[in-house]
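Topology and contacts: notes
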2 protein chains.
Amino acid sequence: MADQPTLTRTFRLTAAQCNPQRELAPAHLVQYLIETATAHADSLGFGFSRLQELGIIWVLSRITLDVDRLPHVFETFSITTWVESYNRHFSERNFEITDAEGRTIGRAHTTWMAIDIATRRPADLSALNAIGSHVCARPCPVGKGTPLRRPAAPDHSTEYTFQVSDLDCNRHVTSARYVELALDCKTLDDYDRYRLTRLEIAYRQEACFGQTATIESATADGTTTVAITVNGQAACLVRFHLEPR
Amino acid sequence: MADQPTLTRTFRLTAAQCNPQRELAPAHLVQYLIETATAHADSLGFGFSRLQELGIIWVLSRITLDVDRLPHVFETFSITTWVESYNRHFSERNFEITDAEGRTIGRAHTTWMAIDIATRRPADLSALNAIGSHVCARPCPVGKGTPLRRPAAPDHSTEYTFQVSDLDCNRHVTSARYVELALDCKTLDDYDRYRLTRLEIAYRQEACFGQTATIESATADGTTTVAITVNGQAACLVRFHLEPR
């Protein structure tokens, strides 16, 4: 697996992993993207272990995901990832999701920041020359989108206090949990009638155990804009689009 | 894989899958047990697909889990499962969790009910003679415990309304989500100082989208008893024990 400019992982969606529509839940898809990215970075020598030695962690900053359709129960699908670019402070990484016949069913672009574990400030990746030699010329498969903003006039608002089960190994709220909180603005009936086609996420600020988030959303023309704020500051901004099934 | 009286699956815990203590979160362990059980039942011909043809689903009814220690970040571990017994309405299934050197680090016993999809009542497994030929003589590795009850005098109470992201392919709250809700009665600081050694769960009644659960707990001598109730009825009862790290 070492030194591959792309890495492909294959999964089979079991019944136990499905959502009510018997598809891969979008938050689980995001988790699979993160795991595939982590495996690729580990294999190339700039993963979690190596960065931890330098006092640095990767923090996911931005996701743009287009899905033609989500994998359904018992389906085998693959995720391929590659590094698009890097500079001193961040790296861009792309993904293609393919079905068992190799047809592309989804695409994603992500931006990852390098953060100094002690100061929680942007870290310097200059020491990691390894990344540069693994930038891949394969083009970005998805439009990177426009900036995410808070909904100007929320039509839905709720609160949630972060619990132990919402936290990752860095003791902050997991990337996937924000996806769940954002998509949970809609009802079971909504997802029975509509399917997700696009999901954009900007992670702004790390949220911690015991903090209470306000989740505000507004929907127009099938597009929902969500702000998850803590103490008035945006922890995460989300925009997603639903189309009739 | 077909026709094996036991099935073993091997996992490697990545950084992206860890909890704040850099261990496998108990709810994820329960999810892995369910997935391993599902894979074994599928391979033996009495899994999700076959039962669905008969209008039946497996519903997890009881888990008793002992853990010497939880797998830690980057650790490779295995889960082995086998059928202990079955009768017309339910089946018992056991698990051993082992480290990379084959040392047992955890054990579990589970009870699964067969439910008629249409009536939500207990179904008849008599048609599935396949199970009988796969009962394994390997003994149950864990004490099955005493009945679970609601806490008599709760010292902690909270409410939670079930969202889309809490639901499984049967449109009910997932088994893992109840584990999270129960263990979330304790704080991040508690889990930094104490480790889980035993977890018992009784799933009593299926909860649905939009229902609000009351989560009441009481702790004495390191053992916490939790009742997750919906409309006054127990959806799930939990008892877990923490020991100093």
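In this text, all values refer to a predicted model and were calculated from it rather than measured experimentally. (Residues numbered from 1 in each chain as written. Chains lettered and ligands numbered in written order. Predicted model: local features only at pLDDT ≥ 70, side-chain atom pairs only at ≥ 80, totals over all residues. Heavy atoms only, no water.)

1. Quick look at the relation of the copies chain B and chain A
Formally: The copies were overlaid by least squares, fitting only the C-alpha atoms of residues that reach a pLDDT of 70 or more in each copy. Contacts are assigned to residue pairs that have any heavy atoms within 4.5 Å of one another.
For the match of chain B to chain A, the screw axis carries a shift of 0.0 Å, the RMSD comes to 0.0 Å, and the turn is 180 degrees. On this basis, the relationship between the two copies can be described by a two-fold rotation axis. Minimal C-alpha separation from the rotation axis in chain B is found for Y160 of chain B, amounting to 4.6 Å. Same-surface contact between copies: 100% of interface residues of chain B are shared with the interface of chain A.

2. A word on the packing of helix α1 (residues 26-44) of chain B against helix α4 (residues 175-183) of chain B
Residues and elements named next belong to chain B. Put simply, the rule reads: For every element, the axis is a line fit to its C-alpha atoms; helices are fit only across the contacting stretch, and the angle between N-to-C directions ranges from 0 to 180 degrees. Secondary structure elements are taken from DSSP: a helix is a run of H or I of four residues or more, a strand is a run of E of two residues or more, and numbering for both begins at the N terminus. To sort the angles, those under 35 degrees are grouped as roughly parallel, those over 145 as roughly antiparallel, those from 65 to 115 as roughly perpendicular, and the leftovers as oblique. Rotating anticlockwise by less than a right angle from the far helix to the near helix defines a left-handed crossing, while the corresponding clockwise rotation defines a right-handed one. Gly falls in the polar group here, along with every residue not listed as nonpolar (Ala, Val, Leu, Ile, Met, Phe, Trp, Tyr, Cys, Pro) or charged (Asp, Glu, Lys, Arg).
Relative orientation of the contacting elements α1 and α4 amounts to 160 degrees, with a least axis distance of 8 Å. Overall, the two elements α1 and α4 adopt an arrangement that is roughly antiparallel. Like other packed secondary-structure pairs, α1 and α4 cross with a definite hand, here right-handed. Across from P26, A27, V30, Q31 and I34 in α1, the residues of α4 making contact are S175, A176, V179, E180 and L183. Among the residues making up the contact of α1 with α4, the classes are represented as seven nonpolar, two polar and one charged.

3. Things to note about the sheet that holds strand β3 (residues 76-86) of chain B
All names here are of chain B. The following threshold applies: Note: two strands are recorded as paired if DSSP finds a minimum of 2 bridges between them.
Pairing is antiparallel across the open sheet formed by ten strands, whose spatial order is β1-β3-β4-β5-β2-β7-β10-β9-β8-β6. Strands at the two margins of the open sheet, each flanked by one partner only, are β1 (6-12) and β6 (156-161). Here the average twist between neighbouring strands, direction ignored, is 20 degrees. One ladder, built from nine bridges, connects strand β7 (residues 194-203) with strand β10 (residues 233-244); its direction is antiparallel. The residue bridging L196 from the neighbouring strand is L242, located in β10. Packed onto the sheet, α4 meets β2 (56-67), β6, β7, β8 (212-220), β9 (223-230) and β10 and runs at close to 130 degrees relative to β7.

4. Structural notes on the interface of chain B and chain A
How big an interface is tends to be stated in terms of the accessible area lost upon association of its parts. Condition: What counts as buried area is the accessible surface, traced by a 1.4 Å probe, that two parts surrender upon association, with contributions from both included. Salt bridge, as used here, is a side-chain nitrogen of Lys or Arg placed within 4 Å of a carboxyl oxygen of Asp or Glu. Any N or O atom pair separated by 3.5 Å or less is treated as a polar contact, with the protein-specific requirement of one donor-capable and one acceptor-capable atom, and with residues adjacent in sequence counted only for side-chain atom pairs.
Contacts between the two partners involve 34 residues from chain B and, on the opposite side, 35 residues from chain A. Interface of chain B and chain A: buried area, both sides summed, is about 3200 Å²; carbon and sulfur atoms make up 54% of it. Taken together, the links from chain B to chain A amount to two salt bridges. Linking chain B with chain A are 15 residue pairs in polar contact (both at pLDDT 80 or more), by the criterion used here. Looking at the side of chain B that touches chain A, the element that brings in the most residues is α1 of chain B, giving four residues. A per-class count over the side of chain B that touches chain A returns 14 nonpolar, eleven polar and nine charged.

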